[in-house]
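Here are the chains, one letter per residue:
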Amino acid sequence: YLPPIQAVKLRSKNFLPEWCTLEKIETPKTEVLSSKNAIEKIQGLIGFPCFIKGSIAGAALAHDAYEAKVLFDKISYLWGFPVIAQKKIFGSDFVLACVANDQHKILGSICVKKAATNSLGKCQMGIIVENDTVYKMAAHIVEKLQWRGALEIEVVYDPFRKKYFLIEINSRFPAWISISSQLSYPLVEQYVDLALGKEVAALKPCPSGYFFSRNTKETFFDAQDFATLATHGQLLEDDIYYEES
């Protein structure tokens, strides 16, 4: 139960900016770099800081041209060409994971606002939220790409310009998708049922207001527990809503 090949190509990092322009979706300024010499034009076209990304995976933040060149060598060695430079948008990061059916409609979704990230920008701590704007963006993407199956979008809200910017579209579930089972929200099971040819009904909105953290140990707890942690400086394991090693 996979999306069309053309849709997967269009959402790739090197083609996404052009597609977003056609669909009138805000996205950060992006340049496709075929050689390290092309980094010299980043200052005028994108500016620093900016992300240096591999076309398949890998991303790191560069603060100047020297750092960008070092990252270019590293990422091109690991992931090949092209390498992508993308302007960093300062604001609130959101990630939405969803499942779409053959009619290109979202059947269920989980939206997470990043509360803490690691050095690679991956979500280490987040809160499950309801964000109608991010959901509508995902629904628009699913419809226009004629998508079916799993999908993840990454979005940043710029509070100064009051705009949402689409950062990436990934043709998979995110690494934190296991939290859906802790919420008794059967998003993954829904995808499996679609792949088995079963009739699948749309899910109700995912419960919001829960924090989660990810490290070598995953911890899942109610937002009220986070308030306790912030107030008292500690949270005993017996008080946590759910914890999994």
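We now turn to the structure provided with this report.

## Here we look at helix 7 (residues 187–195)
- Among the residues of helix 7, Leu187, Gln190, Tyr191 and Leu194 are the ones counted as buried. For helix 7, the arc enclosing every buried residue in end-on projection is 100 degrees, short of the 170-degree limit, so these residues lie on one face.
- Contact partners of the buried residues in helix 7: strand 5 (92–100), strand 6 (106–117), strand 8 (149–158) and helix 6 (179–182).
- Residue Gly197 follows helix 7 closely and has a positive phi angle near 80 degrees.

## Re a nonpolar patch on the surface
- On the surface, Ile56, Tyr77, Leu78 and Trp79 cluster together to form a nonpolar patch covering roughly 520 Å² of accessible area.
- Along the polypeptide, Tyr77 turns up in helix 4 (residues 65–79).
- Classification of Tyr77 by relative accessible area gives exposed; the value is 71%.

## Digging into the packing of aromatic side chains
- Under the defined criterion, the tally for this structure stands at 6 aromatic pairs.
- Measuring from ring centre to ring centre gives 5.8 Å for Phe72 and Phe81, while their planes differ by 55 degrees; the resulting arrangement is tilted.
- With 5.8 Å between their ring centres and 85 degrees between their planes, Phe173 and Tyr191 make a pair best called edge-to-face. One end of the pair, Phe173, is in the loop between strand 9 (163–170) and helix 6; the other, Tyr191, is in helix 7, with 18 residues separating them in the sequence.
- The exposure class assigned to Phe173 is buried, which follows from its relative accessible area of 16%.

## A few points about the nonpolar core
- With 28 residues, the main nonpolar core has Ile141, Ile153, Leu166 and Ile169 as its most contacted residues.
- When residues of this core are traced back to their parent elements, those giving at least two are helix 2 (16–22), strand 5, strand 6, strand 7 (123–129), helix 5 (132–145), strand 8 and strand 9.
- The element contributing the most residues to this core is helix 5, with 6 residues.
- Sequence-distant contacts of Ile141, that is, excluding residues within four places in its chain, are made with Trp19, Ile25, Leu151, Ile153, Leu166 and Ile169.
- Listed in part, the 21 residues of the second largest apolar core include Ala97, Ile128, Trp176 and Leu194.

## Details of unusual backbone geometry
- With omega at 0 degrees, the peptide bond leading from Phe48 into Pro49 counts as cis.
- Structurally, Pro49 is set in the loop between helix 3 (42–45) and strand 2 (50–54).
- Even without being a glycine, Gln146 presents a positive backbone phi close to 55 degrees.
- With respect to the secondary-structure elements, Gln146 resides in the loop between helix 5 and strand 8.
- Not every positive phi belongs to a glycine, and Ser184 is a case in point at roughly 55 degrees.
- Here Ser184 is to be found in the loop between helix 6 and helix 7.
- Under the relative-accessibility criterion, Ser184 is labelled exposed at 65%.

## Observations concerning the sheet that holds strand 1 (residues 30–33)
- One open sheet accounts for 4 strands, arranged 1-4-2-3; its pairing is antiparallel. In the strand order of this sheet, the two ends are held by strand 1 and strand 3 (59–62), each with one partner. Going from strand to strand, the sheet's axes swing by 25 degrees on average, the running direction of each strand aside.
- Inspection of the sheet shows strand 2 paired to strand 4 (residues 83–87) by 5 bridges, in the antiparallel sense. In the sheet register, Phe51 faces strand 4, and the bridge partner there is Gln86.
- Strands strand 1, strand 2, strand 3 and strand 4 of the sheet are contacted by helix 4, whose axis makes an angle of about 170 degrees with strand 3.

## Here's the deal with the side chain of Asn131
- Relative to the elements of secondary structure, Asn131 occurs in the loop between strand 7 and helix 5.
- At a separation of 3.0 Å, a polar atom in the side chain of Asn131 contacts the main-chain amide nitrogen of Val134.
- Discounting chain neighbours no more than four positions away, the residues touching Asn131 are Phe94, Cys111 and Tyr164.

## Focus: helix 5
- With 14 residues, helix 5 extends 20 Å between its outermost C-alpha atoms, agreeing within 8% with the 20 Å of an ideal straight helix rising 1.5 Å per residue.
- For helix 5, every residue scored as buried is listed here: Val134, Met137, Ala138, Ile141, Val142 and Leu145. One side of helix 5 holds all its buried residues, which, seen down the axis, span an arc of 135 degrees.
- In this structure, the buried side of helix 5 is in contact with helix 1 (5–10), helix 2, strand 5, strand 6, strand 8 and strand 9.
- Here helix 5 starts with a cap whose side-chain oxygen sits 3.1 Å from the backbone nitrogen of Thr133, and that cap is Asn131.
- Looking one or two residues past helix 5, Gln146 carries a phi angle of roughly 55 degrees, positive in sign.

What counts and what doesn't
- All residue numbers refer to positions counted from 1 along the written sequence of the respective chain.
- Totals for whole chains, interfaces and linings use all residues, but because this is a predicted model, local features are given only for residues with pLDDT of at least 70 and pairs of side-chain atoms are given and counted only at 80 or more.
- Each side-chain value is derived from all of the structure's non-hydrogen atoms; neither hydrogens nor water enter the calculation.
- Relative accessibility decides the category of a residue: with a 1.4 Å probe and only protein chains considered, values under 20% of the type maximum give buried, values over 50% give exposed, and everything between is partly exposed.
- Runs of H or I in DSSP of at least four residues are treated as helices and runs of E of at least two as strands, each being numbered from the N terminus.
- By arc we mean the arc of the directions from the helix axis to the C-beta atoms, nothing more.
- Residues are treated as being in contact if the distance between any of their heavy atoms lies within 4.5 Å.
- By definition, no residue in a patch forms a salt bridge, and every one has over 30% relative accessible area; like charges are joined within 9 Å, nonpolar side chains (Val, Leu, Ile, Met, Phe, Trp, Tyr) within 5 Å.
- Computed with the Shrake-Rupley method and a 1.4 Å probe, the accessible areas treat only the protein chains shown as cover for residues.
- By salt bridge we mean one thing: a side-chain nitrogen of Lys or Arg within 4 Å of a carboxyl oxygen of Asp or Glu.
- Planes of paired rings set the category: under 30 degrees apart is stacked, over 60 is edge-to-face and the rest tilted, where pairs are Phe, Tyr or Trp rings (Trp by its six-membered ring) whose centres lie within 6.5 Å.
- Take the buried residues of types Ala, Val, Leu, Ile, Met, Phe, Trp, Tyr and Cys, join any two whose side-chain atoms come within 4.5 Å, and each joined set is a nonpolar core.
- Following DSSP output, two strands are said to pair if at least two bridges run between them.
- Helix axes are fitted only over the stretch in contact, all axes being lines through C-alpha atoms; the angle between N-to-C directions runs from 0 to 180 degrees.
- Each polar contact in these results corresponds to two N or O atoms within 3.5 Å; when the atoms are within protein, one needs to be able to donate a hydrogen and the other to accept it, and residues that are neighboring in sequence are counted only if both atoms are side-chain atoms.
- To estimate the expected span of a helix, subtract one from its residue number and multiply by 1.5 Å.

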